[in-house]
Amino acid sequence: MTIAAASRKFLHTALASAVVTLSLSASLPSLAGTPADSNSAAGLPELQPQPQQGIIEQLIARYYAANYHFNAPSLDDGLSEAFYNRFLEVLDPSRVYFTAEDVSDFDKYRLELDDALKDGRTEPAYEIYGAFRNKVLARIEKIDALLQTRPDFTVEESFTFDRSNVEWAATEKELDDYWRKRIKNEAIGLLMSNKSWEEAADTLSTRYDNFRRRVMQVNSEDVFDLFINAYATMLDPHTTYFSPRDSEEFRIRMSLSYEGIGASLQADGEYVKIVRLLPGGSAEKSGKLDPDDRITAVGQDDGELVDVVGWRLDDVVDLIRGPKDSVVRLQVLPAGRAPGGDETVIQLTRSEIQLEEQAAQAETITIPRSGGEASIGVIEIPTFYQDTRARDMGLDDYRSTTRDVRKLIEQLSEDGVDGLIIDLRNNGGGLLNEATDLTGLFIDRGPVVQIKNTLGSLEIQEDLDAGVAWDGPLVVLVNRFSASSSEIFAGAIQDYGRGLVVGSTTYGKGTVQTLFPLNRHQMEINTQADLGQLKMTLGKFYRVTGSSTQHRGVVPDITLPSPIDPEDFGESAQPTALPWDEIPAADGIQEVRVPALDLLPEVRQRIAERQSEDAVFQAYVSDIEAQRALRAQQTVSLNLKERRLERDQREAAALERLNARRAARGLDAVDSLEDAAEEDREYDVIRHEAARIMADYLAELMPPHRTESLASARP
């Protein structure tokens, strides 16, 4: 069977049975890796096409050629040129390594990448990336030379750091001048933190040496991932290829669990160090590991210890991670001990680790109001997750967003909260069915989201379960980074009039992705290679009103100021984003009698009056205005005296705003920003403002002059 025929056969079952995801970001945090030749004595790995990569390339090209993608353009010279430009942008987005002459050497591929994809040829990726790697390493050598001499910080010159619209440099000399100013600017930043020139130069030398090491560790799989995803994101921002390791990371992210020792790791020069011990993991329970300890060797059970100094982070993690109840041995250089000092060997038994920081969490906020206090429950949902593996195994206690939120609602109800806030800020999405199920906790029954797929058919996902988990006053808190499943939930709550949506306009991702496990083609194309997965846009979702959230997002009922500029972030800022459109409204929408939207004018008036006199909120607004003014600045002085003066004026104004905010909260003034940094970070202005908005809503819902009670206003 041909690849194209196998792909067509698979599509129809995939549309019905594949895991549907609606996550904002195509990138995943790297928790695992594959051993690479980057650890060889030669230093630089040999970059060359791998046998399975051509197969993967052909599979992906044929999927699009068969019009499986919701809006795939023809794979022709026009797309080839866009793909070519995109790959260069991925490698050198600020155009600070390649010159125009360098780029001209690759022009032979400008109209050839479409044919390369169809034929399964990946050589262009390696030639272009190889040239890029050489330019980066050569540039770091020049930076090393720059750091040998102290710049003149009294010269009146400036550095323009915004290079979003620059052309490729005409000459290497032009780039040399840019980098001279860039290094000088970075040095000024360190000098203003009370470092000497020698200390600043040493810090910068270490910084770029670490960058050199990361570049030298890039392997053939990394290059292919960059190349094929440059193509995938040309079709839309959320279509992406997952390598075998990224496929596993995706599963972990959606299930909130993995098997290992329970430690967060981070690269630190040539070492991998422990950043945090996860509660309940064997690393924490052993009592033998601490943050900043460095791992120098890893062994399996009673096997030989393998030295991992200088290894890639994901390679080390891959050695440490393993099946539950298996044993791993770590050779550790304790924190603060110099290299070459006494190292200890620790034996740990791997266990199942729950990533609780990504699970739904609850807290209660008390807000003063006329006649007493309002107790407001807040449930924060970082992502829409479900342990699909445990569910498919038939386990009754599998984790999911909806199950966890239901339990939290029960706890908050027992505590007697007056209102509930669902905090979806920075929630980039997740599993579609969880958004539908979560909506069902707040509406009796009815349609939640409409989905139109590549084949043109329309599916309506509904809440079919009668009854609700919470029928009281509800606020949904969102921001620009609330996307996908977050937008489905917020839009449904708004469309049903079930609660108030508060915050800033959401991201605007209204597309649906499906996972295609490419390993399903192994038999048809006679390979045993692990081919990874393709996450492809196969549809768009629409609110029950028929309006898409694509591009436009969900517009809050009550808008709060935000430091995030929608022109810079969001679907509308993505050049390959699909357009907005609409379809007919869904049938069966039952209006909810909790009068959220009916009371909106009165609530808005009450909020405006309160905010105008709220010193905490007004100080926050001033902070946002200052941040916007700073972001609008595209050029900075390279005169150290001027920069220090600008910094001092900026910090004095920030300290004045901070103390105004602290005074409004009944706190003492501080002498510096650092004195209150941790305390200030812990106070979430927007969350507390959302709680005050809930109190304003409650005041309008149940004022003394109203005869009806909250209970009579509920369904």
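Please read all numbers here as calculations on a predicted model, not as lab measurements.

Secondary structure assignment for the protein chain yields 22 helices and 22 strands. Going through the 715 residues of the protein chain one by one, you find that 52% of them count as buried. Restricting to contacts in the protein chain with at least 6 residues of sequence separation, those with at least 24 account for 77%. With the model as given, the accessible surface of the protein chain reaches about 31800 Å², and the carbon-plus-sulfur share is 48%.

With that out of the way, let us pick up the packing of helix α15 (residues 432–439) against helix α16 (residues 485–495). Their axes nearest at 9 Å, the elements α15 and α16 cross at an angle of 25 degrees. On the basis of their axis angle, the class for α15 and α16 is roughly parallel. The chirality of how α15 crosses α16 is right-handed. Taken together, the residues of α16 that come into contact with α15 (itself represented by Leu432, Ala435, Leu438 and Thr439) are Ser485, Ile488, Phe489 and Ala492.

To continue, consider the pairing of strand β5 (residues 263–268). Here 6 bridges tie β5 to strand β6 (residues 271–277), and the two strands are oriented antiparallel to one another. Each bridged residue has a counterpart across the sheet, and for serine 264 the counterpart in β6 is arginine 276. Taking the residues between adjacent antiparallel strands as the criterion, β5 and β6 are bridged by 2 residues, where glycine 269 takes a positive phi near 65 degrees.

Glancing now at the pattern of salt bridges. Enumeration according to the criterion identifies 43 salt bridges in this entry. Taking the shortest distance from any N to any O, the salt bridge between glutamate 81 and arginine 110 comes out at 3.4 Å. One end of the pair, glutamate 81, is in helix α3 (residues 77–91); the other, arginine 110, is in the loop between α4 (100–104) and α5 (113–119), with 29 residues separating them in the sequence. Assessed through its relative accessible area of 33%, glutamate 81 is described here as partly exposed.

As enumerated under the stated definition, the model contains 17 aromatic pairs in all. Taken together, the aromatic side chains of Tyr97, Phe98, Phe106, Tyr129, Phe132, Phe159, Trp168, Tyr178, Trp179 and Tyr208 make up a single cluster linked through ring pairs. Here the basic side chain of arginine 294 rests over the ring of tyrosine 271, its NZ or CZ set 5.5 Å away from the ring centre.

So, on to the packing of α3 against helix α9 (residues 220–235). It is the contact of α3 with α9, at a shortest axis distance of 9 Å, that shows an interaxial angle of 125 degrees. Taken together, the axis directions place α3 and α9 in an arrangement best described as oblique. Crossing hand, α3 versus α9: right-handed. When α3 is examined against α9, the residues Leu79, Ala82, Phe83, Arg86, Phe87, Val90 and Leu91 are found in contact with a partner set consisting of Leu226, Phe227, Ala230, Tyr231, Thr233, Met234 and Leu235.

Let's shift gears to a negative patch on the surface. Side chains of Glu651, Asp671, Glu674 and Asp675 sit close together on the surface and give a patch of like negative charge. The residue glutamate 651 is located in helix α19 (residues 640–664) in this model.

The next subject is unusual backbone geometry. Positive phi values are uncommon outside glycine, yet aspartate 325 reaches one of about 75 degrees. Locating aspartate 325 in the fold gives a position in the loop between α12 (313–320) and β9 (327–333). Positive phi outside glycine occurs at asparagine 526, with the angle close to 60 degrees. With respect to the secondary-structure elements, asparagine 526 resides in the loop between β19 (511–517) and β20 (533–542).

In this structure, strand β12 (residues 361–369) lies alongside strand β13 (residues 372–380), joined through 9 bridges in antiparallel fashion. Bridge pairing in β13 places threonine 366 opposite serine 375. Hairpin connection of β12 to β13: 2 residues between the antiparallel strands, including glycine 371 at a positive phi of 85 degrees.

A few words on the sheet that holds strand β18 (residues 500–503). Spatially, β12-β13-β14-β17-β18-β21 is the arrangement adopted by the 6 strands of the open sheet, whose pairing is mixed. The open sheet is flanked by β12 and β21 (558–559), the only strands paired with a single partner. Running at roughly 145 degrees to strand β17 (residues 474–478), α16 makes contact with β14 (419–423), β17 and β18 of the sheet.

Looking at the protein chain as a whole, the pLDDT averages 84, with 87% of positions reaching at least 70. Counting contacts from residues 1–19, a segment whose pLDDT is below 50, to residues more than four positions away or on other chains yields 39 contacts. Below pLDDT 50 for its whole length, residues 704–715 participates in 18 contacts with residues either more than four positions away or in separate chains.

Attention shifts here to the side chain of asparagine 479. One can find asparagine 479 in the loop between β17 and α16. Look at asparagine 479 and you get buried, because its relative accessible area is 10%. A distance of 3.0 Å separates a polar atom in the side chain of asparagine 479 from the backbone nitrogen of phenylalanine 481.

Note on placement: serine 286 falls in helix α11 (residues 282–286). With a relative accessible area of 26%, serine 286 lands in the partly exposed category. Residues serine 286 and threonine 349, spaced 63 residues apart in sequence, show a C-alpha to C-alpha distance of 9.6 Å.

Relative to the helices and strands, threonine 99 is located in the loop between α3 and α4. Relative accessible area serves as the criterion here: at 3%, threonine 99 is assigned to the buried category. Residues in contact with threonine 99, not counting those within four places in the same chain, are Trp168, Ala169, Thr171, Glu172 and Leu175.

For glutamate 198, the location among the structural elements is in helix α8 (residues 197–217). Taking the C-alpha atoms as reference points, glutamate 198 and arginine 150, separated by 48 residues in sequence, lie 8.5 Å from one another.

The residue tyrosine 126 is located in helix α6 (residues 123–146) in this model. On a C-alpha basis, the gap between tyrosine 126 and glutamate 46 in space is 10.0 Å, while along the polypeptide they are 80 residues apart. Discounting chain neighbours no more than four positions away, the residues touching tyrosine 126 are Leu47, Gln48, Pro49, Gln50, Gln53, Ser220, Val223 and Phe224.

Parameters at a glance
Residues numbered from 1 in each chain as written. Predicted model: local features only at pLDDT ≥ 70, side-chain atom pairs only at ≥ 80, totals over all residues. Heavy atoms only, no water. Helix = DSSP H or I, 4+ residues; strand = E, 2+ residues; numbered from the N terminus. Buried < 20%, exposed > 50% of the residue type's maximum accessible area, 1.4 Å probe, protein only. Contact = heavy atoms within 4.5 Å. Areas by Shrake-Rupley, 256 points an atom, 1.4 Å probe, with all protein chains shown as cover. Axes fitted to C-alpha atoms, helices over the stretch in contact; angles between N-to-C directions. Parallel < 35°, antiparallel > 145°, perpendicular 65-115°, else oblique. Left-handed = near helix turned anticlockwise from the far one by under 90°. Pairing = 2+ DSSP bridges. Salt bridge = Lys/Arg side-chain N within 4 Å of Asp/Glu carboxyl O. Phe/Tyr/Trp six-rings, centres within 6.5 Å; stacked < 30°, edge-to-face > 60°. Lys NZ or Arg CZ within 6 Å of the ring centre and 35° of its normal. Patch = residues over 30% accessible without salt bridge, like charges linked within 9 Å, V, L, I, M, F, W, Y side chains within 5 Å. Lys, Arg positive; Asp, Glu negative; His and termini not counted. Charge placed at Lys NZ, Arg CZ, Asp CG, Glu CD. pLDDT = per-residue confidence, 0-100. Polar contact = N/O pair within 3.5 Å; in protein donor to acceptor, adjacent residues only side chain to side chain.

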